[in-house]
Amino acid sequence: MNAMRAEYRIHHPEKILSPGFVVFRELVEHNLNTMIEIAGDIGRLRPHCKTHKMPELTKLQLAAGITKQKAATFAESEMLADVGVKDIFLAYNLVGPNIARGVNFRTKYPDVRFAVTADDPANITQLGEAMTAAGTEIDVLLDVNPGRDRTGRPVGDEAYELYKQLAETPGIHPAGFHLYDGHLHDSELKDRQAAVEEYWTLISAFRDRLEADGYPVPKIVCGGTPTFQAYAPMTDPVIELSPGTCTFHDIGYDTAYPDLQVFTPAAAVLTRVISRPTENRVTFDVGTKGVASDPPMGQRVYLPELPDGKQVLQNEEHLVIESDDAGKFQPGDWTLAFPRHVCPTSALYKEATVIADGEIVGHWEVVARDRCITI
């Protein structure tokens, strides 16, 4: 984006407090349709709700025919179940009190197919014992490490024994593999495809070994947004695709991966000028409490109306831009700041103001921003 485009018009910005999270509904719908088109078969999609955490957006996905979801927290899982999702994968290892929460979730939502991950033998035993004691069971996917070295085990004998343990532990149903490759940052899609295809040779052979020994691997939940289009052409029926960020899309992925520009940033932060401290500086009210601060200082937002502005200072409630065009703005003026990382940005807001055709048409609550709802 080199300037504010027409699809980002807002007719009554004075009704929106700043900094305020805004979502453009038509662009969300465009992104969902594009996601479905890339997947080919909508039944392969298991989008990650961590990007939005909103019941209303989940309802849009359900209406479009997306029935499976991925989550990172129990709050996200509960939000999904409460709006009617019947197949939920919490892509996280349950430890400590979360084991009991897993039991409580299965008890509260017995009609939901619920899965988690595991990569440790003692943890698998604890989880199985808790489920058996409660008279229930849980789907568990083996967390496979493709080189990210965050969680999981690489394919091999140790991973084989873990999957065998899943299959033989009462209270646990072995449900396949979780394969997240967030370390693949190559800009060109062909390079990500080559890396995915190389590892898929290993993972599919590992799957075949297990199945030959009588241990079914019904699904492999693959990748995230950057490798979505790398896995999508693959025809293996066990593959499930789990993009997340592309629901809203963001400037980080838009600039890093040209192939993802088929999606359009659909969420932004409405921010206002609060000061003109010097001739070439303008200060906005989108501080670190208003936008994700995991990107480096100076790269956390993109302002289309100040594309060459240098972000020289950001504190909790202030963002200072230095630009020869600073004079275009005066205190009270508003603009849109597009987050480089939208997922943790959405979690900073209680609700989003929804825009359609330039009009404010509602507010979507970010229900799952908290770690706990009731469970």
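To start, this report covers the structure provided alongside it.

### Things to note about the overall build of the protein
Check the secondary structure of the protein and you find 10 helices and 16 strands. Over its C-alpha atoms the protein spans a radius of gyration of 22 Å, differing by no more than 12% from the 21 Å that the globule rule assigns to 375 residues. Oriented by its inertia axes, the alpha-carbon framework of the protein measures out at about 70 × 45 × 35 Å. For the protein, the proportion of its 375 residues judged to be buried stands at 55%. Long-range contacts, defined as pairs at least 24 residues apart, comprise 70% of the intrachain contacts of the protein with a sequence gap of at least 6. Here the protein displays about 15,400 Å² of accessible surface, and carbon together with sulfur accounts for 49% of that area. The positive charge centre, built from 36 side chains, and the negative charge centre, built from 53, are 3 Å apart in the protein.

### Comments concerning the packing of aromatic side chains
Following the criterion strictly, the structure yields 13 aromatic pairs and no others. On the numbers, 5.6 Å between centres and 15 degrees between planes, the contact of F21 with Y349 is stacked. Of the two residues, F21 is situated in strand β1 (residues 20-24) and Y349 in the loop between α10 (342-346) and β15 (351-356); the sequence distance between them amounts to 328 residues. In this structure F21 comes out as buried when scored by relative accessible area, which is 1%. What makes Y349 buried here is its relative accessible area of 9%.

### Observations regarding the pairing of strand β6 (residues 172-179)
A large share of β6 lies buried, amounting to 7 of its 8 residues. Read as a crossover between parallel neighbours, the route from strand β5 (residues 138-144) over helix α6 (residues 157-168) to β6 is right-handed. As paired strands, β6 and strand β7 (residues 220-222) are joined by 3 bridges and run parallel to one another. Bridge pairing in β7 links H178 to V221.

### Details of the pattern of salt bridges
Any two side chains of opposite charge can pair, so long as their charged atoms come close to each other. What the rule picks out here adds up to 19 salt bridges. When the shortest N-O distance is used, the salt bridge between R192 and D259 registers 2.5 Å. Separated by 67 residues along the polypeptide, R192 in helix α7 (residues 189-212) and D259 in the loop between α9 (251-256) and β9 (267-278) bring together distant segments of the chain. For R192, a relative accessible area of 0% translates into the label buried. Overall, D259 belongs to the buried group, its relative accessible area being 15%. The partner of K289 in a salt bridge is E316, with the nearest N and O atoms 2.9 Å apart. On the criterion of sequence distance, the pair formed by K289 in the loop between β10 (281-284) and β11 (301-302) and E316 in the loop between β12 (310-314) and β13 (319-322) is long-range, its members being 27 residues apart. When salt bridges that share partners are traced, they join R46, K68, D87 and E240 into one network.

### Focus on helix α2 (residues 55-64)
What α2 keeps buried is the set P55, L57, T58 and Q61. Seen from one end, α2 has its buried residues packed into an arc of 160 degrees, which puts them on one side. G65 lies just past α2 and shows a positive phi near 105 degrees.

### Examining the sheet that holds β7
As summarised here, the arrangement of the 7 strands in space is β2-β3-β4-β5-β6-β7-β8, forming an open sheet in which the pairing is parallel. Each of the sheet's edge strands pairs with one partner strand only, and the pair in question is β2 (68-71) and β8 (239-241). Put simply, the sheet's adjacent strands are angled 30 degrees from each other on average, direction ignored. Relative to strand β3 (residues 87-93), β2 runs parallel, the two sharing 4 bridges. Residue K70 lies in a different strand from β3, and its bridge partner there is F89. Taken strand by strand, α6 contacts β5 and β6, and its axis lies near 145 degrees from that of β6.

Parameters at a glance
Residues numbered from 1 in each chain as written. Predicted model: local features only at pLDDT ≥ 70, side-chain atom pairs only at ≥ 80, totals over all residues. Heavy atoms only, no water. Helix = DSSP H or I, 4+ residues; strand = E, 2+ residues; numbered from the N terminus. Rg over C-alpha atoms; globule rule 2.2 N^0.38 Å. Buried < 20%, exposed > 50% of the residue type's maximum accessible area, 1.4 Å probe, protein only. Contact = heavy atoms within 4.5 Å. Areas by Shrake-Rupley, 256 points an atom, 1.4 Å probe, with all protein chains shown as cover. Lys, Arg positive; Asp, Glu negative; His and termini not counted. Charge placed at Lys NZ, Arg CZ, Asp CG, Glu CD. Phe/Tyr/Trp six-rings, centres within 6.5 Å; stacked < 30°, edge-to-face > 60°. Right-handed = clockwise from strand over helix to strand, strands pointing away. Pairing = 2+ DSSP bridges. Salt bridge = Lys/Arg side-chain N within 4 Å of Asp/Glu carboxyl O. Arc of directions from axis to C-beta. Axes fitted to C-alpha atoms, helices over the stretch in contact; angles between N-to-C directions.

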